[in-house]
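One-letter residues, chain by chain:
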Amino acid sequence: MSGLRVIFFGPPGAGKGTQAKLLEREFGACQVSTGEILRKAARAETSLGKQTSGYLSRGDLVPDDVMVKLVAERLKKPDCKAGFILDGFPRTIAQADDLERMLKKDGLPLEHALGLNAPNDVLIKRLSGRRTCRNCGSMFHAVFNPPTKDGVCDRCGGELYQRDDDREEQIAARLRVYEEQTAPLKDYYRKRRLLREINGVGSVDEVRQRVFRAIGDGAK
Ligand code: AMP
């Protein structure tokens, strides 16, 4: 496992998944979206899916031990040899500690913790209009970034749908969970000199340019 080793964290709707996919294309590192893995497991009704789907629909976090095991297994796969882009993990200090231990053991520590941010009104507008591809997880927006053909993914032709947790009632819960459990990662990574705070407001391309600058800049 060498090459780019970064995590994205930030509130729902900040652009983690979108930017992680762009980095994946550029660097060939594996993009690991824990949310996407869990949604696929729920659809396939695997034991992981059955165990975790309730947390997802409530907007709660899945327990740390389940998540850490899932990510540890994923990072061992061959496509992560060229590095990884973790999107949505870690989400708690306990997960961050476990990730640090895991990577230390392999002698390949994290290079950057990319903290994307945007004000709540922007996040709410993005989430409530977001449409996600059932097949490849690509994201569109009904108004800001509509697909060429209504309901169809431009990238793979898959069906676009609105995630249950992107409905208004769930969005507030997810924003609260972020503030309480995930926002403390900012200090955690700041202390380790890995934090790169990135303004997530603007077009996909504007944010992409900031992400690339943050990666090239080195320690902040
Ligand atoms: P996301 O697609 O990143 O917005 O994640 C969707 C949902 O999956 C979250 O609201 C959680 O229920 C669950 N989830 C994803 N990643 C994690 C994680 N690292 N820890 C706990 N729960 C997670």
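Here is what the cut-offs are and how they apply
Residues numbered from 1 in each chain as written. Predicted model: local features only at pLDDT ≥ 70, side-chain atom pairs only at ≥ 80, totals over all residues. Heavy atoms only, no water. Phe/Tyr/Trp six-rings, centres within 6.5 Å; stacked < 30°, edge-to-face > 60°. Helix = DSSP H or I, 4+ residues; strand = E, 2+ residues; numbered from the N terminus. Buried < 20%, exposed > 50% of the residue type's maximum accessible area, 1.4 Å probe, protein only. Lys NZ or Arg CZ within 6 Å of the ring centre and 35° of its normal. Pairing = 2+ DSSP bridges. Near = heavy atom within 4 Å. Polar contact = N/O pair within 3.5 Å; in protein donor to acceptor, adjacent residues only side chain to side chain. Areas by Shrake-Rupley, 256 points an atom, 1.4 Å probe, with all protein chains shown as cover. Nonpolar A, V, L, I, M, F, W, Y, C, P; charged D, E, K, R; others polar. Salt bridge = Lys/Arg side-chain N within 4 Å of Asp/Glu carboxyl O. Disulfide = S-S within 2.5 Å.

1. Section: the packing of aromatic side chains
What the rule picks out here adds up to three aromatic pairs. Relative to Tyr189, the ring of Phe9 lies with its centre 6.3 Å away and its plane at 40°, an arrangement referred to as tilted. Separated by 180 residues along the polypeptide, Phe9 in strand 1 (residues 4-9) and Tyr189 in helix 8 (residues 185-191) bring together distant segments of the chain. When sorted by exposure, Phe9 lands in the same class as Tyr189, which is buried. The rings of Phe9, Tyr188 and Tyr189 are connected pair by pair, giving a single aromatic cluster. A cation over a ring is seen here: Arg58 above Tyr55, with NZ or CZ 5.2 Å from the ring centre.

2. Digging into the environment of Thr148
Residue position: Thr148 is located in the loop between strand 6 (139-141) and strand 7 (160-161). Sequence separation of Thr148 and Gly54 is 94 residues, and the distance between their C-alpha atoms is 33 Å.

3. Some details on the pairing of strand 1
Burial analysis of strand 1 places six of its six residues in the buried class, which makes it a mostly covered element. Neither face of strand 1 is exposed, since Leu4, Val6 and Phe8 on one face and Arg5, Ile7 and Phe9 on the opposite face are all buried. Bridge count for strand 1 against strand 3 (residues 83-87) is five bridges, and the pairing is parallel. In the strand pairing of strand 3, Leu4 is matched with Gly83. In the sheet, strand 1 pairs with strand 4 (residues 112-117) via four bridges, with the strands oriented parallel. The residue bridging Phe9 from the neighbouring strand is Gly115, located in strand 4.

4. Some remarks on the site of the ligand
Taken together, 17 residues sit near the ligand, with Thr34, Arg39, Asp60, Gly88 and Gln95 positioned nearest. At a separation of 2.5 Å, an oxygen atom of the ligand approaches a polar backbone atom of Asp60. The protein chains hide 97% of the 480 Å² of surface that the ligand would expose on its own. Only helix 2 (34-44) and helix 3 (47-58) provide two or more residues apiece to the shell around the ligand. A breakdown of the residues in the shell around the ligand according to their chemical character gives seven nonpolar, four polar and six charged.

5. Quick word on the pattern of salt bridges
Per the counting criterion, the structure on display carries 15 salt bridges. Across the salt bridge formed by Asp164 and Arg167, the nearest N and O atoms sit 4.0 Å from each other. In this structure, the salt-bridge partner of Arg174 is Asp166, at a minimum N-O distance of 2.9 Å. The burial state of Arg174 is the same as that of Asp166; both residues are buried. Several salt bridges converge on common partners, so that one network encompasses Arg130, Arg163, Asp165, Asp166 and Arg174.

6. A short note on the state of the cysteines
Tallying each qualifying case throughout the model produces one disulfide. Disulfide partner of Cys30: Cys80, at an S-S distance of 2.2 Å. On the sign convention where negative is left-handed, the bridge of Cys30 and Cys80, at about 95° about the S-S bond, is right-handed. In this pair, Cys30 is assigned in strand 2 (residues 30-33) and Cys80 in the loop between helix 4 (64-75) and strand 3, connecting sequence segments 50 residues apart.

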